[in-house]
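# Observations on the three-dimensional arrangement
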Amino acid sequence: MNLLNDIRILLTRWSTAFVLLGVLAVAMAGATLIEAGMNLQAARGIIYNAWWFDLLLLLLCVNFMLIGRRLNLWSRRRWGALLLHYGFVVILAGAFITHMWGEEGYMHIREGETARRMMTPDRKVQTLPFSVTLNRFTLHRYHGSQSPSSYESDVTIRYRDDVSHRKIYMNNIARVGGYRLYQSSYDPDEQGTILSVNHDPVGTAVSYAGYFLLIAGLIAALCQKGSRFRTLYAKLGKATLVVLFAGSSVVAVAAARPATPGGIAPETAERFGRLLLQSSDGRIEPVDSYASEILRKLYHRDSYGNLNANQVLAGILTDRQTWGREPILYIGQNPLPEEACFPDKYVSFDAMFDDRGDYRLKKQVETIYAKPPAHRTKPEQTLLKLDEKVNILYALLNGQMFPIFPVAGSQRWISPGDDRTEADTVLTPRLFAAFRNALTQTDPQAAGRALDAIRQYQQARTPSLQPLRIEAEILYNRADIFRISFRAYLILGGILLVTAYGGCSERTNAERRSPPGSFRSPYSSFSHCIRSDWDCAATSAATPPGRTLTNRWSTSLGQPYCRESFSPAGRNWPSRWPRCSAGSSCSYRT
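Described below are features of the structure shown in this document. (Residues numbered from 1 in each chain as written. Predicted model: local features only at pLDDT ≥ 70, side-chain atom pairs only at ≥ 80, totals over all residues. Heavy atoms only, no water.)

## Structural notes on the pattern of salt bridges
The cut-off we apply is this: By definition, a salt bridge exists where a carboxyl oxygen of Asp or Glu is found within 4 Å of a side-chain nitrogen of Lys or Arg. Strands are runs of DSSP state E lasting at least two residues, helices are runs of H or I lasting at least four, and both sets are numbered from the N terminus onward.
Scanning the entire structure with this criterion turns up 16 salt bridges. Residue Arg 478 pairs with Asp 288 through a salt bridge whose shortest N-O separation is 2.6 Å. Placement of Arg 478 in helix H17 (residues 467–479) and of Asp 288 in helix H10 (residues 287–299) is noted, with a sequence separation of 190 residues between them. A single network of salt bridges, built from pairs that share partners, joins Glu 270, Arg 274, Asp 288, Glu 471 and Arg 478.

Structure representation (structure tokens):
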């Protein structure tokens, strides 16, 4: 019994939680390294499917529950902390359920064939309660390249008495009978597909419930009465508005970009960003939004030197020679396969081709795409992302992937470099050529007239456009809300940290000035500062027979409390922790 009691006491300590979380972090870091060096299946076999990993998750669940019980959060109405504790418990429980009872595997189907079995990661064949028929597999490639841009499976799913036709592709999954089907890979001859199958309805629901509790706990912890956030906010008062204004001012200064030699004039870039474009999902959006998305995709930043996104995109579309040499393709921090290494983390488009004009990554990319995603290593995944960026830049340099010309009588828009078969698109190459020539001659007025002609062409063929919505989206892009919020929160956090540290320093100085053997609690909003325990002078409950009562002044709970414990170890009596009144006399424990 003593051993079990010692284990119970050990699992109620915060130090145990920190140790378990540290072990979990080390284990997951090791799994990441194994996945990078080998593949996901190896990481699952060595780490995630190991018995000790299950035990680790179980111990964390028990630890969080016991800590929540020891702190008596329910009786003290600490709803934020209570939801946070049990939110973590529910998330860990969901992960444990997924690991123990979740099912996953792959279905390999050829065109015209029907399958109702999947192969699990441990090479077992499992029969499914539905069948899938592959009607057609379609692979789309980047124009002028052999690299896939997207691929989809047109399937017929039969489940009980229901028959449905679905298209499965990236970010578009099929759900049937609690199972989820993802597009995973395809056969080298492009006549077959590989679908990933996942069945984990309980674990997924439990995990989402845990995320909900976690978010609710964070909100409650910030907003509940007596919280540190509300106390500090009340003390700061108008200083909060000053911080927000300062943050927005910093952003406004940082956003100002001077005109850069070699780039189009800022006023021309502004008019260029107001053109309309059809995105890949069919949405009509301003070029300003599309340019920002493209630059973040290729370069992982919002600007290139002193050039904004509109200037960069206009330069790529109109000056192939210059932008082919610019190191605008971000490789990243993850390593690439040895046969495809580059010295820097940025590389130019021209550097991706050898002296004969052959694509350096062609063989490696074809080999990687032939593998199921679960068997691809981290360097291989990084290589595929780089290949995607190369193909996007290749299309833009050739006037593609920029659909700004609507086709009359159709929902489709075309790019300046696309093949044109419609009779009313004869004018489109002339319109864009006029814009390109104006930029080459550095004539802003001619460039503005060319942009006005393109915009008139758009309005004449799409009269249903909503100018107010377009202007609102451009205004939203200019506001840069997230960057303003980041800087404002950073400055506000610094002020709160300095203020809290000042409160702790004041309390520490007060303690040092107090005569030995006595100290009167300041009971201020900064009483949560970590200090040694204090012995309360008064006794709030009778001592049970055969036990010694120790009253301690505790500041680890956010407010002053008199913590009662008994020796020998046993059940605390009473279970509540009576609050010390303001100014109660306490003696310092050396």
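Next comes the rest of the description.
## Brief notes about the nonpolar core
Convention followed: Nonpolar core, defined: a set of buried Ala, Val, Leu, Ile, Met, Phe, Trp, Tyr and Cys residues in which side-chain atoms within 4.5 Å join the residues together. Accessibility here uses a 1.4 Å probe with only protein chains present; expressed as a share of the type maximum, an area under 20% marks a residue as buried, one over 50% as exposed, and anything in between as partly exposed. For this analysis, residues touch if any pair of their heavy atoms sits within 4.5 Å.
Phe 272, Ile 328, Leu 386 and Phe 402 are the most contacted members of the largest nonpolar core, which totals 83 residues. By residue number, the principal contributor to this core is helix H14 (residues 378–397), which donates eight residues. If sequence neighbours within four positions are ignored, Leu 386 has contacts with Leu 329, Ile 331, Leu 336, Phe 342, Val 347, Met 352 and Leu 361. With 16 residues, the next largest nonpolar core counts Ile 34, Ala 43, Leu 60 and Cys 61 among its residues.

## A closer look at empty space enclosed by the protein
Spelled out, the test is: Using protein atoms alone on a 1 Å grid, points that fit a 1.4 Å probe yet trap it form a cavity, whereas open point sets bounded by protein on both sides within 12 Å along at least five of seven lines form a pocket; residues with an atom within 4 Å of a point count as lining. Grid points are joined across faces, edges and corners, and a volume is the space filled by probe spheres set on the points. Only Asp, Glu, Lys and Arg are considered charged, only Ala, Val, Leu, Ile, Met, Phe, Trp, Tyr, Cys and Pro nonpolar, and every remaining residue, Gly among them, polar.
Under the counting rule described, the total for this entry stands at one cavity of 30 Å³ or more. The volume enclosed by the largest cavity comes to roughly 40 Å³. Every residue lining the largest cavity is listed: Ala 291, Ile 294, Leu 295, Leu 298, Ala 309, Val 312, Leu 313, Ile 316 and Ile 328. At the level of secondary structure, the elements contributing two or more residues to the lining of the largest cavity comprise H10 and helix H11 (309–318). Looking at the lining of the largest cavity, its residues break down into nine nonpolar, no polar and no charged.

## A short note on a nonpolar patch on the surface
Stated precisely, the cut-off is as follows: Patch rule: a residue counts if its relative accessible area is over 30% and it has no salt bridge; like charges are joined within 9 Å, and nonpolar side chains (Val, Leu, Ile, Met, Phe, Trp, Tyr) within 5 Å. Only the protein chains shown count as covering a residue, and every accessible area follows the Shrake-Rupley method with a 1.4 Å probe.
The grouping of Trp 51, Trp 52, Leu 55 and Leu 58 at the surface amounts to a nonpolar patch, some 440 Å² of accessible area in total. Of note, Trp 51 is situated in helix H4 (residues 51–70). On the basis of relative accessible area, Trp 51 is assigned to the exposed category, the value being 65%.

## Some remarks on the packing of aromatic side chains
Just so we agree on the cut-off: Two aromatic rings, drawn from Phe, Tyr or Trp (for Trp, its six-membered ring), form a pair once their centres lie within 6.5 Å of each other, and the interplanar angle then sorts them: stacked below 30 degrees, edge-to-face above 60, tilted otherwise.
As enumerated under the stated definition, the model contains 23 aromatic pairs in all. Centre to centre, the rings of Tyr 208 and Tyr 211 are 6.2 Å apart; their planes meet at 75°, and the pair counts as edge-to-face. Of this pair, Tyr 208 and Tyr 211 both sit in helix H6 (residues 201–223), three residues apart, roughly one helical turn. Three or more aromatic residues joined by ring pairs form one cluster here, namely Tyr 299, Tyr 304, Trp 323, Tyr 330 and Tyr 346.

## Considering the packing of helix H5 (residues 79–101) against H6
This is how it is decided: The axes are straight lines fitted to the C-alpha atoms, using for helices just the contacting stretch, and the angles between their N-to-C directions are given from 0 to 180°. If an angle is under 35 degrees, it is roughly parallel; if it is over 145, roughly antiparallel; if it lies from 65 to 115, roughly perpendicular; otherwise it is oblique. For any pair of crossing helices, the crossing counts as left-handed if the nearer helix is rotated counterclockwise from the farther one by less than a right angle, and right-handed if it is rotated clockwise.
Relative orientation of the contacting elements H5 and H6 amounts to 165°, with a least axis distance of 7 Å. Our classification of the angle between H5 and H6 gives roughly antiparallel. Between H5 and H6 lies a crossing of left-handed hand. Tallied by class, the residues present in the contact of H5 with H6 amount to 20 nonpolar, nine polar and no charged.

## Comments concerning H4
Residues spaced three or four apart along an α-helix point in a common direction, a consequence of the helix completing one turn every 3.6 residues. Our working rule: The span one expects for a helix is its residue count, reduced by one, times 1.5 Å.
Compared with an ideal rise of 1.5 Å per residue, which puts 20 residues at 28 Å, H4 spans 29 Å between its outermost C-alpha atoms and is within 8% of the ideal. Those residues of H4 lying buried are Phe 53, Asp 54, Leu 56, Leu 57, Leu 60, Cys 61, Asn 63, Phe 64, Ile 67 and Gly 68. The inward-facing, buried residues of H4 abut helix H1 (2–11), helix H2 (14–37), helix H3 (40–48) and H5. Directly after H4, the chain includes Asn 72, whose backbone phi takes a positive value near 55°.

## Comments concerning the layout of surface pockets
For the second largest pocket, the calculated volume is near 1,200 Å³. For the lining of the second largest pocket, the secondary structure elements donating two or more residues are H2, H3, H4, H5, strand S1 (103–110) and H6. Across the lining of the second largest pocket, the residue classes break down as 14 nonpolar, eleven polar and seven charged.

## Observations regarding the environment of Tyr 394
In this structure, Tyr 394 sits in helix H14. Exposure remark for Tyr 394: the relative accessible area of 25% places this residue in the partly exposed category. With 44 residues separating them along the chain, Tyr 394 and Asp 350 place their C-alpha atoms 10.0 Å apart.

## Digging into the side chain of Glu 473
Counted only if it meets this: As used in this structure description, the phrase polar contact means that two N or O atoms lie within 3.5 Å; if the pair is within protein, one of them must be able to donate a hydrogen and the other to accept it, and residues adjacent in sequence are counted only when both atoms belong to side chains.
Its place among the elements puts Glu 473 in helix H17. Owing to a relative accessible area of 13%, Glu 473 belongs among the buried residues under this scheme. Polar side-chain contacts of Glu 473 include one of 3.1 Å to the side chain of Arg 283. Ignoring sequence-local partners within four residues, the contact set of Glu 473 consists of Arg 283, Glu 285, Pro 286 and Ser 289.

## Describing the environment of Tyr 359
Take Tyr 359: it is sitting in the loop between strand S12 (346–347) and helix H13 (362–369). The class of Tyr 359 is buried, set by a relative accessible area of 18%. Excluding anything up to four places from it in sequence, Tyr 359 contacts Ser 147, Met 352, Phe 353, Asp 387 and Val 390. A polar side-chain atom of Tyr 359 sits 2.7 Å from a polar atom in the side chain of Asp 387.

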